[in-house]
Amino acid sequence: MVTYERLYDVIVVGAGHAGCEAALASARMGCSTMLLTINLDAIALMSCNPSIGGLAKGHLVKEIDALGGEMAKNIDATGIQFRILNTRKGPAVRASRAQADKQLYRLRMKSVLERQLNLDLKQGEVTALYLEGCELRGVELRSGMRYLSKTVIVTTGTFMRGLIHIGLNHYPGGRAGDQPSIGLSDHLKSLGFLVGRLKTGTPARLDSRSIDFSVLEEQRGDDPPQPFSFSASAITMPQIPCHIAYTNHHSHDIIRSGLDRSPLYSGIIEGIGPRYCPSIEDKVVRFPEKDRHQTFIEPEGIDTIEVYPSGMSTSLPVDVQIAFYRSIVGLERVEIMRPAYAIEYDYVDPIQLHSSLETKHIPNLYHAGQINGTSGYEEAAAQGLMAGINAALRVAGQEPLVLGRSQSYIGVMIDDLVTLGTKEPYRMFTSRAEYRLLLREDNADMRLREIGYRLGIVSDEEYQLFDAKRAKITAELQRISVTRLAMTDHETEVLSHCGLEDVPKGITMEQLLKRTEISYADLAEFDTVSRETDAKVAEQVEIQTKYRGYIDRQMEQVERSKKMESVRIPDELDYNTLQGLTTEVREKLARNRPDTLGQASRIPGVTPAAMSLLTIALKASVWKGAAHS
């Protein structure tokens, strides 16, 4: 084994969406960083749907951007269709989504990484960690090279012992066309990590020239498209429509006829698949009453004929794939360019992580992305960002950054993973967040920009833009709280058009805006200042005014829960010594090793009575420690 001469602060293993954010974060925080990947040409490759965002996932992307990450900027620069979902619903569940030009997305991210100071990119397959005793010193490659570092972040995606399935045929692969990572997961097992098996899949890629789009329903994006990044002002990429198609009874019969050759139903696939993104054969079997299933035919880019039928992932044999895709109206002559496949891969149970994403077994080792059992580019990128931040903080000798459940969706996701673990691919949903009215897409910068700037990831220019926006929001909220209507003829006419006839003279603009019939745009009809207010400022003013009562109630809930979230449980605490706990509770606490009382309270089976005993025990240990000192 040849040891490279340089000692890095951070080594990141894997250059998917988690690895890219991890490497950029640590490098931007001043750490010497190396990003290692099996294939430098597959950096940030969108191996499944080339899109970013969606329900709850869009929240994660906005939070990544607020903290100084790159994902939002990358999709803004390469997106070919942007839509805001749930526009008819409340602001808490509105979500941004964009279709990317798959190759441009990859190439731009690679360029950003290559131009980043403090960051080296190298190609190679990591097969083991390098330890001296119990101390992590770096990584070892299949090539015989050893690289040294103070910290290591593992972001292997679906590559660890990856196995691709198409019908009853299967072969090793990290994804179609790439070699898997062999050896690393066995090495992690040998170090005492609990390793499991998961499964995911992707649809076929179709030749758009063989599709009759004239009989399909066209779906265009928003006009004008709204950027993801808080730093962006407009989208400049050409925008392309998607099209909607549906399966039918004949499609479902074809799929059922091939189940005997499906690795999913013949017992060949061992890994557990994503519950909320099932394959088409799984949908047909689980929902036999449904006459059809919808698919969006989405372009893979501007300069390619390949399209992606979302929601149509499958591991059926290629001949069955051809038949069922061609049974769809508009796709009768469709040609498959790349067949659909399922992939099994190893993951490491995230219950073995601290909230910082540092492993409990080995200090200075961090896991992020699909190795933690998550699914989705956005979930991976958010974890990568946090792992990169915390590895850099560890190198600097500072306390880790742990975002709370009331601060961000990132905090909710990581807390779910490290507290509960997962037996199936974890996907973010708005329903997972108990404080979702506080955790909206629109206010991610208000929640997290300050933290990103303090860490050194957010630039001075970006922070100044944010600070100016925040000041304008504060000033406008103050202004409308004291500005009263004189009920002039023009004001009365505007309010009448809004369906309001009983507005008293002297009402403030704030009181008026609280009414469901009135929007901030209505104020602009008779108020010069409102008419000139920036759209993003106006949005914040309207939401904060209309939902203030609900927001205040959630803030009260947050304050009540803060005490438990801040009480740390010593790593060395022996739960077997605590009197009054049941055997089941002791076993769960010993297995999970929660970092705080708040985490302990969310472990299934840990009762309020057990929490009271644990709280008393911690207070007693603090008192004893103080008395001893």
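Only a predicted model underlies this, so the values are computations on that prediction, with no experimental measurement involved.

So, on to the overall build of the protein. The number of helices and strands found in the protein is 21 helices and 20 strands. Relative to the 2.2 N^0.38 estimate, which gives 25 Å for 629 residues, the radius of gyration of the protein is 26 Å and therefore close to what a compact globule would have. With the C-alpha coordinates aligned to their principal axes, the bounding extent of the protein is approximately 85 × 80 × 50 Å. A burial count over the protein gives 55% of its 629 residues as buried.

In this fold, Lys290 is placed in the loop between helix H7 (280–286) and strand E16 (294–299). Look at Lys290 and you get partly exposed, because its relative accessible area is 40%. Between the C-alpha atom of Lys290 and that of His252, which follows or precedes it by 38 residues, the distance is 9.7 Å.

A few words now on the pairing of strand E7 (residues 126–132). The buried count for E7 comes to five of seven residues, which makes it a mostly enclosed element. Sheet topology note: the E7/strand E8 (residues 135–141) ladder contains six bridges and is antiparallel. Directly across from Tyr130, in E8, lies its bridge partner Gly138. Between E7 and E8, which pair antiparallel in sequence order, lie two residues; one of them, Gly133, sits at a positive phi of approximately 70 degrees.

Here the focus is the nonpolar core. By size, the foremost hydrophobic cluster in this structure holds 75 residues, and its most contacted members are Ile52, Tyr105, Ile153, Met386 and Ile389. In terms of residue count, helix H9 (residues 377–395) provides more of this core than any other element does, eleven residues in total. If we skip the residues at most four places from it in the chain, Ile153 touches Val10, Ile11, Val12, Val13, Ala22, Tyr366, Ala368, Ala387, Gly388 and Ala391.

Right, let's talk about the side chain of Thr295 for a bit. Structurally, the position occupied by Thr295 is in strand E16. For Thr295, a relative accessible area of 1% corresponds to the buried category. At a separation of 2.8 Å, a polar atom in the side chain of Thr295 contacts the main-chain carbonyl oxygen of Ser310. If sequence neighbours within four positions are ignored, Thr295 has contacts with His243, Ile244, Ala245, Tyr246, Pro309, Ser310 and Met312.

Here we take up the environment of Ile302. By the secondary structure assignment, Ile302 is in the loop between E16 and strand E17 (306–309). The spacing of Ile302 and Val12 is 290 residues in sequence and 32 Å in space, taken between C-alpha atoms. Each residue touching Ile302, except ones within four places of it in the same chain, is listed here: Ile80, Asp101, Met237, Pro238 and Ile240.

What follows deals with helix H4 (residues 102–115). Its 14 residues give H4 an end-to-end C-alpha distance of 21 Å, which sits within 8% of 20 Å, the value for a rise of 1.5 Å per residue. Buried residues of H4: Lys102, Tyr105, Arg106, Met109, Lys110, Val112 and Leu113, and no others. Buried positions in H4, seen along its axis, are confined to an arc of 160 degrees and lie on one side of it.

Our focus in this paragraph is the sheet that holds strand E14 (residues 217–219). As summarised here, the arrangement of the six strands in space is E14-E15-E16-E17-E13-E18, forming an open sheet in which the pairing is antiparallel. Pairing within the sheet leaves two strands with one partner each, and these edge strands are E14 and strand E18 (336–338). For this sheet, the mean inter-axis angle between neighbouring strands, taken without regard to orientation, is 35 degrees. Looking at chain direction, strand E13 (residues 205–207) and E17 are connected through two bridges and run antiparallel.

With that settled, the discussion passes to unusual backbone geometry. Of note, the amide linkage connecting Asp223 to Pro224 takes the cis form, showing an omega dihedral of 5 degrees. Mapped onto the elements of the fold, Pro224 is located in the loop between E14 and strand E15 (242–246). Of note, Arg161 is a non-glycine position whose phi angle comes to about 55 degrees, a positive value. Along the chain, Arg161 falls in the loop between strand E9 (145–154) and strand E10 (163–166). Note on Arg161: relative accessible area 32%, which makes it partly exposed. If you check the backbone angles, Asn364 has positive phi at about 75 degrees while not being a glycine. Topologically, Asn364 is positioned in the loop between strand E19 (341–348) and strand E20 (365–367).

By the definition in use, this model includes 43 salt bridges. The partner of Lys57 in a salt bridge is Glu379, and the shortest N-O contact between them spans 2.9 Å. With a gap of 322 residues between them, Lys57 in helix H2 (residues 57–67) and Glu379 in helix H9 connect regions that are remote in the sequence. Lys57 sits in the buried class, given a relative accessible area of 9%. The shortest N-O distance in the salt bridge between Arg405 and Asp416 comes to 2.9 Å. Of this pair, Arg405 sits in the loop between H9 and helix H10 (409–420) while Asp416 sits in helix H10; the two residues are eleven residues apart in sequence, bridging distant segments of the chain.

Moving on: the packing of aromatic side chains. One pass over the full model with this rule turns up five aromatic pairs. Ring geometry for Tyr547 versus Tyr550: centroids 6.4 Å apart, planes at 50 degrees, classification tilted. A relative accessible area of 49% means that Tyr550 is categorised as partly exposed. Three or more aromatic residues joined by ring pairs make a cluster, and in this case those are Tyr453, Tyr463 and Phe466. Over the aromatic face of Tyr130 sits the side chain of Arg146, whose NZ or CZ is 3.9 Å from the ring centroid. Here the basic side chain of Arg292 rests over the ring of Tyr246, its NZ or CZ set 3.7 Å away from the ring centre.

This next bit is on the environment of Tyr366. Tracing the backbone shows Tyr366 in strand E20. What makes Tyr366 buried here is its relative accessible area of 1%. Sequence spacing of Tyr366 and Ser356 is ten residues, and the spatial spacing of their C-alpha atoms is 8.2 Å. Not counting residues within four places of it along the chain, the set of residues in contact with Tyr366 comprises Thr151, Val152, Ile153, Val154, Ser356, Leu357, Glu358, Ala387, Asn390, Ala391 and Arg394. Reaching out from Tyr366, the side chain makes a polar contact with the backbone oxygen of Asn390 at a distance of 3.4 Å.

Turning to the side chain of Ser149, a few remarks are in order. Residue placement: Ser149 occurs in strand E9. Reaching out from Ser149, the side chain makes a polar contact with the backbone oxygen of Thr151 at a distance of 2.9 Å.

What counts and what doesn't
- Residues numbered from 1 in each chain as written.
- Predicted model: local features only at pLDDT ≥ 70, side-chain atom pairs only at ≥ 80, totals over all residues.
- Heavy atoms only, no water.
- Helix = DSSP H or I, 4+ residues; strand = E, 2+ residues; numbered from the N terminus.
- Rg over C-alpha atoms; globule rule 2.2 N^0.38 Å.
- Buried < 20%, exposed > 50% of the residue type's maximum accessible area, 1.4 Å probe, protein only.
- Pairing = 2+ DSSP bridges.
- Core = buried A, V, L, I, M, F, W, Y, C linked by side-chain atoms within 4.5 Å.
- Contact = heavy atoms within 4.5 Å.
- Polar contact = N/O pair within 3.5 Å; in protein donor to acceptor, adjacent residues only side chain to side chain.
- Expected span 1.5 Å × (residues − 1).
- Arc of directions from axis to C-beta.
- Axes fitted to C-alpha atoms, helices over the stretch in contact; angles between N-to-C directions.
- Salt bridge = Lys/Arg side-chain N within 4 Å of Asp/Glu carboxyl O.
- Phe/Tyr/Trp six-rings, centres within 6.5 Å; stacked < 30°, edge-to-face > 60°.
- Lys NZ or Arg CZ within 6 Å of the ring centre and 35° of its normal.

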